[in-house]
Amino acid sequence: MNTIRVLLADDHEVVLDSLAMMLASFSGVEVVGKATNGRDALAQLAHAETDIVLSDMHMPEWNGLELCIRLRAQYPEVKLVLLTMEEEPETVRRALQAGVWGYVLKKASRQEVEKAIKTVAGGHRYYSQDVNEQLTLISGEAPALTQEQTEKVKLLGRREIEVIRLIASELPNPEIAKTLFISLSTVETHRRNIFKKLKIHSAVALTRFAVECGIV
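Note that the structure is a prediction, hence the values are computed from the model and not measured. (Residues numbered from 1 in each chain as written. Predicted model: local features only at pLDDT ≥ 70, side-chain atom pairs only at ≥ 80, totals over all residues. Heavy atoms only, no water.)

Asker: Which residues make up the overall build of the protein chain, and what values go with them?
Answerer: For the protein chain, the count of helices and strands is 11 helices and six strands. Against the 2.2 N^0.38 benchmark of 17 Å for 216 residues, the protein chain shows a C-alpha radius of gyration of 18 Å, consistent with a compact globule. Based on the C-alpha atoms only, the size of the protein chain along its principal axes is roughly 55 × 40 × 30 Å. Sorting the 216 residues of the protein chain into buried and exposed places 47% on the buried side. The contacts of the protein chain with a sequence gap of at least 6 include a subset with a gap of at least 24, amounting to 63%. Carbon and sulfur atoms make up 52% of the accessible area of the protein chain, which amounts to about 10800 Å² in all. Taken together, the 26 basic and 29 acidic charged side chains of the protein chain have centroids lying 7 Å from each other. (Helix = DSSP H or I, 4+ residues; strand = E, 2+ residues; numbered from the N terminus. Rg over C-alpha atoms; globule rule 2.2 N^0.38 Å. Buried < 20%, exposed > 50% of the residue type's maximum accessible area, 1.4 Å probe, protein only. Contact = heavy atoms within 4.5 Å. Areas by Shrake-Rupley, 256 points an atom, 1.4 Å probe, with all protein chains shown as cover. Lys, Arg positive; Asp, Glu negative; His and termini not counted. Charge placed at Lys NZ, Arg CZ, Asp CG, Glu CD.)

This is the structure in structure tokens:
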């Protein structure tokens, strides 16, 4: 098997250093970078050939789910594995919606972390046993939206939802226009209307809303 190149993302440097030491002991695994936030992790991919991003859930400058969405848009060949303490059903659901390849709890053994990395590198998804139990419970269910989220989603038209998905994928307005075969001014109008309807003021906040509501 070729060497598996892993980039680590966690906002605690002590955790990053410990993970780097642990992964260095795995046969066929190489740590190619460390980042303390999602934005830095994405930036490092421009100059560090990477197979897997092993990421925490909660980080500044894009959390693990927001990072995953951007990875899918810009580096679809790179797979994201979450390493987190979060095991609530709704968090697991949002992670799957975002497109994570693996979901491992931080209480996992080093053997399980190694197994997760090598399973995902082999093209298969990996979820910790506790996460698999949550998947069984939520399988086939719709996202549990708050009343406020439900009311906001109802305000959106079909085209606006399409635009939201592309904004969440970090496409600039000209690319959104080309993708949807509409004019740039129409995209800008949709964007203004979306932000106004949802009372959201940044693309990051919009991405978070889209993940939580199952739009992406």
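Asker: Before we move on, can you summarise the packing of aromatic side chains with the specific residues and values?
Answerer: Enumeration according to the criterion identifies zero aromatic pairs in this entry. Against the face of Trp-62 rests Arg-70, its NZ or CZ located 4.1 Å from the ring centre. Sitting over the face of the ring of Trp-101, Lys-79 holds its NZ or CZ atom 4.8 Å from the ring centroid. (Phe/Tyr/Trp six-rings, centres within 6.5 Å; stacked < 30°, edge-to-face > 60°. Lys NZ or Arg CZ within 6 Å of the ring centre and 35° of its normal.)

Asker: Which residues make up the side chain of Gln-44, and what are the values?
Answerer: For Gln-44, the location among the structural elements is in helix α2 (residues 38-44). Sequence-distant contacts of Gln-44, defined by excluding residues within four places in its chain, comprise Leu-7, Gly-33, Lys-34 and Ala-35.

Asker: Now, about the sheet that holds strand β6 (residues 126-127): what can you tell me, with residues and values included?
Answerer: On the basis of which strands lie adjacent, the open sheet formed by six strands has the order β2-β1-β3-β4-β5-β6 and parallel pairing. The open sheet has two edge strands, β2 (29-35) and β6, and neither has a second partner. Two strands pair when backbone bridges link them, and strand β1 (residues 4-9) and β2 are joined in this way by six bridges, in the parallel orientation. Across the sheet, residue Leu-8 finds its bridge partner in β2, namely Lys-34. (Pairing = 2+ DSSP bridges.)

Asker: Residues and numbers for the pairing of β1, please.
Answerer: Extensive coverage of β1 is indicated by the burial of five of its six residues. Taken together, β1, helix α1 (residues 13-24) and β2 form a β-α-β motif whose crossover is right-handed. As paired elements, β1 and strand β3 (residues 52-55) share four bridges and run parallel to each other. Note that in β3 the partner of Val-6 across the bridge is Ile-52. (Right-handed = clockwise from strand over helix to strand, strands pointing away.)

Asker: Outline helix α9 (residues 173-180), supporting the account with residue identities and numerical values.
Answerer: For α9, the complete set of buried residues consists of Asn-173, Ile-176, Ala-177 and Leu-180. Seen from one end, α9 has its buried residues packed into an arc of 100°, which puts them on one side. Taken together, the buried residues of α9 touch α8 (158-168) and α10 (184-198). (Arc of directions from axis to C-beta.)

In short, the description is geometric, and any link to function would need to be established separately.
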